[in-house]
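# Summary of structural features
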Amino acid sequence: MSIETTTPGHLECLDRIAAVVGEPNLIVDRDLVAGYSVDWTRRFSGPAVAVVRPGSVAEVAAVLADCSAAGLPVIPQGGNTSMVGGSVPAPTGVPPLILSTLRLRRLDPVDDLAGAVTVGAGVTLAEVADHVRRAGWTYGVDLAARDTATIGGTCATNAGGIRVCAYGMTRDQVIGAEFVRADGSIISRLDGLPKDNTGYHLTGLMVGSEGTLGVITAVRLRLHRPVGTTTVGLVGVPDMAAALDLVESAVPEGERLLAAEIIDAEGIRLVREVAGLQPPLEQEWPYLLLLEVSGDWLELPADSDAVVAMDTATAARLWEYRERQPDAISALGVAHKLDISVPLPRLDQVATAARSCAPGDARVVVFGHLRDGNLHVEIAGVPAGDNELDRAIFAITAEAGGVLSAEHGVGRAKAQWLHLSRSAAEIDTMREIKRAMDPAGVLNPGALLPLS
Ligand SMILES: Cc1cc2nc3c(=O)[nH]c(=O)nc-3n(C[C@H](O)[C@H](O)[C@H](O)COP(=O)(O)OP(=O)(O)OC[C@H]3O[C@@H](n4cnc5c(N)ncnc54)[C@H](O)[C@@H]3O)c2cc1C
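Analysis parameters
- Residues numbered from 1 in each chain as written.
- Predicted model: local features only at pLDDT ≥ 70, side-chain atom pairs only at ≥ 80, totals over all residues.
- Heavy atoms only, no water.
- Helix = DSSP H or I, 4+ residues; strand = E, 2+ residues; numbered from the N terminus.
- Rg over C-alpha atoms; globule rule 2.2 N^0.38 Å.
- Buried < 20%, exposed > 50% of the residue type's maximum accessible area, 1.4 Å probe, protein only.
- Contact = heavy atoms within 4.5 Å.
- Lys, Arg positive; Asp, Glu negative; His and termini not counted.
- Charge placed at Lys NZ, Arg CZ, Asp CG, Glu CD.
- Domains from an automatic or database assignment.
- Buried area = accessible area lost by both parts, 1.4 Å probe.
- Near = heavy atom within 4 Å.
- Polar contact = N/O pair within 3.5 Å; in protein donor to acceptor, adjacent residues only side chain to side chain.
- Areas by Shrake-Rupley, 256 points an atom, 1.4 Å probe, with all protein chains shown as cover.
- Nonpolar A, V, L, I, M, F, W, Y, C, P; charged D, E, K, R; others polar.
- Axes fitted to C-alpha atoms, helices over the stretch in contact; angles between N-to-C directions.
- Phe/Tyr/Trp six-rings, centres within 6.5 Å; stacked < 30°, edge-to-face > 60°.
- Lys NZ or Arg CZ within 6 Å of the ring centre and 35° of its normal.
- Pairing = 2+ DSSP bridges.
- Parallel < 35°, antiparallel > 145°, perpendicular 65-115°, else oblique.
- Salt bridge = Lys/Arg side-chain N within 4 Å of Asp/Glu carboxyl O.

The next thing to look at is the overall build of the chain. A count of helices and strands for the chain gives 14 helices and 15 strands. Computed over C-alpha atoms, the radius of gyration of the chain comes to 22 Å, within 12% of the 22 Å expected from 2.2 N^0.38 for 452 residues, which places it in the range of a compact globule. Seen along its three principal axes, the alpha-carbon backbone of the chain occupies a region of about 70 × 55 × 45 Å. By residue count, 55% of the 452 residues in the chain fall in the buried class. When contacts within the chain are restricted to residue pairs at least 6 apart in sequence, those whose partners lie at least 24 apart make up 75%. Computing the positive centroid from 37 side-chain charges and the negative centroid from 56, the chain places the two 4 Å apart.

Attention now moves to the domain arrangement of the chain. Interface size is commonly expressed as the accessible surface area that is lost when the partners come together. The domain architecture assigned to the chain consists of domain 1 (8–103), domain 2 (116–222), domain 3 (230–326) and domain 4 (332–425). Taking only C-alpha atoms into account, the centre of domain 2 sits 30 Å from that of domain 3. Listed as interface residues are eight residues of domain 2 and, on the opposing side, nine residues of domain 3. Buried area between domain 2 and domain 3, summed over both chains or domains, comes out near 700 Å², and the portion from carbon and sulfur atoms is 47%.

On to the site of the ligand, then. The environment of the ligand is made up of 36 residues, and the closest members are Pro76, Gly78, Thr81, Thr150 and Thr157. Between the ligand and serine 82 there is a distance of 2.8 Å, counted from an oxygen atom to a backbone nitrogen or oxygen. Residue glycine 86 places a main-chain N or O atom 3.2 Å away from an oxygen atom belonging to the ligand. Considered on its own, the ligand offers 970 Å² of accessible surface; in the complex 97% of this is hidden by protein. Among the elements that make up the shell around the ligand, the one with the highest residue count is helix H5 (residues 151–156) (four residues). Considering only residue class, the shell around the ligand consists of 13 nonpolar, 21 polar and two charged.

Turning our eyes to something else, we now look at the packing of helix H8 (residues 240–250) against helix H12 (residues 347–357). At a minimum axis separation of 8 Å, H8 and H12 run at an interaxial angle of 145°. Of the residues in H12, those touching H8 at Met240, Ala241 and Leu244 are Leu347, Asp348 and Ala351. Looking at the contact of H8 with H12, its residues break down into five nonpolar, no polar and one charged.

If you walk through the whole model with that rule in mind, you get one aromatic pair. Over the aromatic face of tryptophan 137 sits the side chain of arginine 225, whose NZ or CZ is 3.5 Å from the ring centroid.

A separate point is the sheet that holds strand E8 (residues 214–222). The strand order across the open sheet formed by four strands is E5-E8-E6-E7, and the pairing between neighbours is antiparallel. Since the sheet does not close on itself, it has two edges, and those belong to strand E5 (116–120) and strand E7 (186–189), each with one partner. For this sheet, the mean angle separating the axes of adjacent strands, direction not counted, is 15°. Of the strand pairs in this sheet, strand E6 (residues 174–181) and E8 are connected by seven bridges, and their pairing is antiparallel. Counted as the bridge partner of glycine 176 is arginine 220 from E8. In the packing of helix H3 (residues 57–70) onto the sheet, contacts are made with E6, E7 and E8, and the angle to E6 comes to roughly 45°.

Two elements in contact, helix H1 (residues 8–21) and H3, have axes whose closest approach is 10 Å; the angle formed by their N-to-C orientations is 170°. Compared by their axis directions, H1 and H3 come out roughly antiparallel. Side by side, H1 and H3 meet where Gly9, His10, Cys13, Arg16, Ile17, Val20 and Val21 of the first sit next to Glu59, Ala62, Val63, Asp66, Cys67 and Ala70 of the second.

Next up on the list: the side chain of glutamate 178. Along the chain, glutamate 178 turns up in strand E6. We note that glutamate 178 is buried and unpaired, the nearest opposite charge coming from arginine 106 at a distance of 4.6 Å. With near-sequence residues (within four places) excluded, glutamate 178 lies in contact with Val57, Ile186, Ile187, Ser188, Leu190, Val215, Ile216, Thr217 and Ala218.

Next comes the structure, spelled out in structure tokens:
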């Protein structure tokens, strides 16, 4: 056993936890714990005392009750694909216990009558998608980290992704939740009644709470019927305003928009360099718009410079230009990965201003979920600790009427700037909710709400 420096009280707490979950599910080996202590971006990391892998809601409850009593901080972690340091410890402070949800693997049969399914927090997005597809349904949330991101993590961050324009955010899909409060009490509301007006919507409160209010152990998800055939196209556009105009006109009558993604020229250059992809169009454009619609064609103007996939292999190839963006910039080193939400008429203005914040030798790519006003501004070639760059871009975003996170959440990375997007009264209210749910302050301290 090799445990990060901790107090005798915390060590006794870990002994009790080992007795609850079984020794193999309390990981204390420093090298193994280190693997859980750095996030996907490699920008955020810190020491943890151990990793616990509870296998049931009762075990989660016992772990949290013990940690609250001992004052041992706990960081809930799913797939650890967070881009904002929310799933890993801070570099300073009391080393926390990481609570991995990956053994919470409940996967109930699809309820055809309700159009819903109940799944455990540790099941991945891809596993849920496969499970419901086999039963003739589709789940409304999809994103590039689908093979690793968990249902618990996507609920805790209210994840967005590529289908928001069709189905909404994760919050729109979650119709019930089972979760454990910091003191170990269990709240279970998995009935998923379509109408239930009996008081505060605690399920909704947990969605987007980023591990600060409780640990989600299972959720009831709303499902959708698949749309059938879809068509994917990539179109060159001069700017995002032109891309937005095209989005509206490209959807054939009676069909649905399923995705409207934007990638700038630098992002295309970078993904071609890193992934060896061919030029998608003959001409280079300031932006490429990726569209997916239901049905078997896209309504594009005759003079468009576009490629439209005629088969699923080509459609997958077109999606690669978009989905490989996060990996491509990370191949250059630890990148700043910002996820801003901007009013649609200001997208071009904010993208230009954000680029101008970066030093001349940095590489900046802008891509994202165009129809949702969600831009990912990712920058390589600046020190990981250069927080001033992030602050400047968040300030520009706020001045334009946007907010500093569209979908990744606040995490540890942006907590200090929450006031740019939320009023003092809102932050006070959030702190009061946090105190009520987690009086000992053990759940993910320093994430979402700045330490006071
Ligand atoms: C390549 C790539 C593409 C991505 N694309 C998108 C995208 O399009 N849209 C988008 O929204 N995000 C995207 N992300 C970010 C990330 O995938 C999401 O934030 C996802 O929701 C995180 O899920 P996770 O299981 O990895 O959670 P983690 O990273 O483990 O945790 C995220 C947060 O949730 C908390 N948490 C995790 N599980 C629980 C639980 N059971 N109960 C309570 N709290 C919990 C953690 O404490 C942390 O604060 C992307 C990430 C990558 C790497």
